[in-house]
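So the chains spell out like this:
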Amino acid sequence: MAQGRARAAILAGRPPLRSPGRPPVNQREERQRFWRLIAAGLSSEEAAVACGVSMPLGPRWFREGGGMPLISLDPLSGRYLSFAEREEIGLLRARAYGVREIARRLGRSPSTISRELRRNAATRGGRLDYRASVAQWHADRQARRPKPCKLASNDRLQQYVQDRLAGTVCAPDGSEIAGPKVRWVGRRHGRRQDRRWATAWSPEQIARRLPADFPGDETMRISHEAIYQALYIQGRGVLSRDLTACLRTGRALRVPRARTRGRGRKFVTKEVMISQRPCEADDRAVPGHWEGDLIIGLDSSAIGTLVERTSRFTVLLHLPPMEGHGGPRAKNGPPLAGHGAQAVRDAIAATIARLPGHLRRSLTWDQGAEMAQHAQLRIDTGLAVYFADPHSPWQRGTNENTNGLLRQYFPKGTDLSRHSRSELKAVATVLNNRPRKTLGWRTPDEVFNEHL
């Protein structure tokens, strides 16, 4: 049997294989389609189902690659046989068609078919059997052109990158400071937890600094993308995966950009973005346009703030914690801290409904979850609600400035739930009776009463 296998391997044009393992079940096309779907923003499970593989296999592929594709996503050139063509070759070969007939049917050269049947045949049975899956496996294996990573072949460059990425923190006198001890668990750091202290240069900072530190040494050059690949893709470089804890984000897996773009609040659509707000609200000439936000305190306590753009008139919303706050929360139950979507909607509706129609034209808020019921708020009060762009506090500058003034009375880190409704009204009255330079040293209360 061994002699037969060796003879078949010689006929196949390659030396006997030393147990390369079984052919993979999933082909290159399926992996390429999986990573294209990941780049489009789908989750690992959704991408796996869409490309026809089992759901648990998707997260496994994603983890193995560190969130980055391990194969090229470019389609194969027509010069090479595809898996569909190899399947056709296997079917025609099983029906005893000759090499030239198979070549005619596929539109290929007879020498291409002959070489394919000889080189990529399955020889484990002691004879030359052609199966499409095994042939594709042999072709992919022979097409590999592993290129050594720059960090793996240049110890000096590797040490430079590692020192700038994960070097120790030193005091001005040169003594090392270890920082908190953090165990790497293969995931991103949790919220409000200690993180690893390190020099923590970003890969782009490292790559851009190399020409300045080694102006005449072209071997000391590397791109920031190569550093990321060395961190996230195991086997690509010599950097340990636990060094991802030294990155600014601390991500253990790379996140496709399409996923981050799709993380916006689902209740925010293009129709309610600040770009659709009437132009009259921008120049502050027409009263009735408001800006709102929450100021957060200890134990998730909060106070709602509403500021009218023209007069700077301020209204504070009392948001007391609900019954059961501090205890176990029911699964899928409402938030008990008092500033959930329903509580904020009711508080705004109760305040705005007292105003005449010309003083409740619009409300601009950030994209916080507390405004998830903005559609119902518009139905109840007729108040058009718009949302500022993410990470753009200057689009609600009036409200942000007022929140800064309110911190004199409600400092950060204090329990805001201890303040009663009457106390909030008293603080709002103080602010509304304070003369403002932007109002010609009139008070917000005076300007607001003129509009009333």
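Criteria and cut-off values
- Residues numbered from 1 in each chain as written.
- Predicted model: local features only at pLDDT ≥ 70, side-chain atom pairs only at ≥ 80, totals over all residues.
- Heavy atoms only, no water.
- Helix = DSSP H or I, 4+ residues; strand = E, 2+ residues; numbered from the N terminus.
- Buried < 20%, exposed > 50% of the residue type's maximum accessible area, 1.4 Å probe, protein only.
- Contact = heavy atoms within 4.5 Å.
- Areas by Shrake-Rupley, 256 points an atom, 1.4 Å probe, with all protein chains shown as cover.
- Pairing = 2+ DSSP bridges.
- Axes fitted to C-alpha atoms, helices over the stretch in contact; angles between N-to-C directions.
- Core = buried A, V, L, I, M, F, W, Y, C linked by side-chain atoms within 4.5 Å.
- Salt bridge = Lys/Arg side-chain N within 4 Å of Asp/Glu carboxyl O.
- Arc of directions from axis to C-beta.
- pLDDT = per-residue confidence, 0-100.
- Parallel < 35°, antiparallel > 145°, perpendicular 65-115°, else oblique.
- Phe/Tyr/Trp six-rings, centres within 6.5 Å; stacked < 30°, edge-to-face > 60°.
- Lys NZ or Arg CZ within 6 Å of the ring centre and 35° of its normal.
- Lys, Arg positive; Asp, Glu negative; His and termini not counted.
- Polar contact = N/O pair within 3.5 Å; in protein donor to acceptor, adjacent residues only side chain to side chain.

Section: the overall build of the protein chain
Item 1. Across its full length, the protein chain holds 18 helices and seven strands.
Item 2. The buried share of the protein chain, reckoned over its 452 residues, is 40%.
Item 3. For the protein chain, the proportion of contacts with a sequence separation of at least 24, taken over those separated by at least 6, is 62%.
Item 4. Split by element, the accessible area of the protein chain, about 26,200 Å² in all, is 51% carbon and sulfur.

Some remarks on the sheet that holds strand S4 (residues 302-308)
Item 1. The five strands are arranged S5-S4-S3-S6-S7 in an open sheet whose pairing can be described as mixed. A single partner strand is all that each edge strand has here, and the edge strands are strand S5 (314-319) and strand S7 (384-387). This sheet shows a mean twist of 25° between the axes of neighbouring strands, independent of strand direction.
Item 2. The strands touched by helix H17 (residues 421-432) within the sheet are S4 and S5, with S5 carrying the most contacts at an inclination of about 165°.

Some remarks on the nonpolar core
Item 1. In terms of nonpolar packing, the biggest core is built from 26 residues, with Trp290, Leu306, Ile348, Leu363, Trp365, Met371 and Phe387 touching the most fellow members.
Item 2. In terms of residues, this core owes the most to one element, helix H14 (residues 341-352), which gives five residues.
Item 3. For Ile348, the contacting residues outside a window of four places in its chain are Leu317, Leu363, Trp365, Met371 and Leu377.
Item 4. Listed in part, the 23 residues of the second largest apolar core include Tyr160, Phe214, Met220 and Leu247.

What to know about the pattern of salt bridges
Item 1. Under the criterion given, the structure shown has 14 salt bridges.
Item 2. A salt bridge links Asp293 to Arg396, with the shortest nitrogen-to-oxygen separation between them at 3.0 Å. In this pair, Asp293 is assigned in strand S3 (residues 289-296) and Arg396 in the loop between S7 and helix H16 (397-406), connecting sequence segments 103 residues apart.
Item 3. Glu450 is the salt-bridge partner of Arg442, the closest N and O atoms lying 2.9 Å from each other.
Item 4. Looking at Arg442, the relative accessible area reads 34%, which means it is partly exposed.
Item 5. Bridged by salt links that share partners, the residues Glu101, Arg104 and Arg105 form one connected network.

A few points about the environment of Arg93
Item 1. For Arg93, the location among the structural elements is in helix H5 (residues 83-94).
Item 2. Arg93 sits in the partly exposed class, given a relative accessible area of 40%.
Item 3. In this structure, Arg93 is in contact with Val99, Ile102 and Leu117, ignoring residues within four places of it in sequence.

So, helix H7 (residues 110-119)
Item 1. Along H7, the positions that sit buried rather than exposed are Ile113, Glu116 and Leu117. Along the long axis of H7, the arc covered by the buried residues comes to 95°, so they all point the same way.
Item 2. Packing partners of the buried residues in H7 comprise H5, helix H6 (99-106) and helix H8 (132-143).

Points about the confidence of the model for the protein chain
Item 1. Here the protein chain averages 86 in pLDDT, and 89% of its residues register 70 or above.
Item 2. Ranking the elements of the protein chain by mean pLDDT puts helix H1 (residues 2-11) last, at 59, and S4 first, at 95.

Description of the environment of Ile102
Item 1. Mapped onto the secondary structure, Ile102 falls in helix H6.
Item 2. As a C-alpha pair, Ile102 and Glu88 span 14 residues in sequence and 8.6 Å in three-dimensional space.
Item 3. If we ignore the near neighbours within four places in the chain, the residues touching Ile102 are Ile89, Leu92, Arg93, Tyr97 and Ile113.

Observations regarding the packing of helix H2 (residues 28-39) against helix H4 (residues 57-64)
Item 1. One can describe the packing of H2 onto H4 by two numbers: an axis separation of 11 Å at closest approach and a directional angle of 80°. Here H2 lies roughly perpendicular to H4, going by the angle between them. Mapping the contact onto sequence places Glu30, Arg31, Phe34, Trp35 and Ile38 in H2 and Gly58, Trp61 and Phe62 in H4.

A look at the packing of aromatic side chains
Item 1. Throughout the structure, instances matching the rule amount to eight aromatic pairs.
Item 2. A ring pair is formed by Tyr160 and Phe214, whose centres lie 5.5 Å apart and whose planes are at 75°; its orientation type is edge-to-face. Here Tyr160 is found in helix H10 (residues 155-166), whereas its partner Phe214 is found in the loop between helix H11 (203-213) and helix H12 (224-232), with 54 residues between them in sequence.
Item 3. Owing to a relative accessible area of 17%, Phe214 belongs among the buried residues under this scheme.
Item 4. Taking 4.2 Å as the distance between ring centres and 10° as the angle between the ring planes, the aromatic pair formed by Phe313 and Phe448 counts as stacked. One end of the pair, Phe313, is in the loop between S4 and S5; the other, Phe448, is in helix H18 (residues 444-451), with 135 residues separating them in the sequence.
Item 5. Its relative accessible area of 4% is what places Phe448 among the buried residues.
Item 6. Residue placement shows Arg141 over the ring face of Trp137; its charged tip is 5.7 Å from the ring centre.
Item 7. Geometry around Trp201 places Arg164 over its ring, the cationic atom sitting 5.9 Å from the centre.

So, the side chain of Arg241
Item 1. On the secondary structure map, Arg241 appears in the loop between H12 and helix H13 (257-261).
Item 2. This buried residue, Arg241, is left without a salt bridge; Asp242 holds the nearest opposite charge, at 8.3 Å.
Item 3. Separated by 2.9 Å, the side chain of Arg241 and the backbone oxygen of Ala252 make a polar contact.
Item 4. In contact with Arg241, other than residues within four places in its own chain, are Arg63, Trp184, Leu231, Tyr232, Gln234, Ala252 and Leu253.

Quick look at unusual backbone geometry
Item 1. Not every positive phi belongs to a glycine, and Arg284 is a case in point at roughly 60°.
Item 2. With respect to the helices, strands and loops of the structure, Arg284 is situated in the loop between H13 and S3.
Item 3. A relative accessible area of 26% places Arg284 in the partly exposed class.

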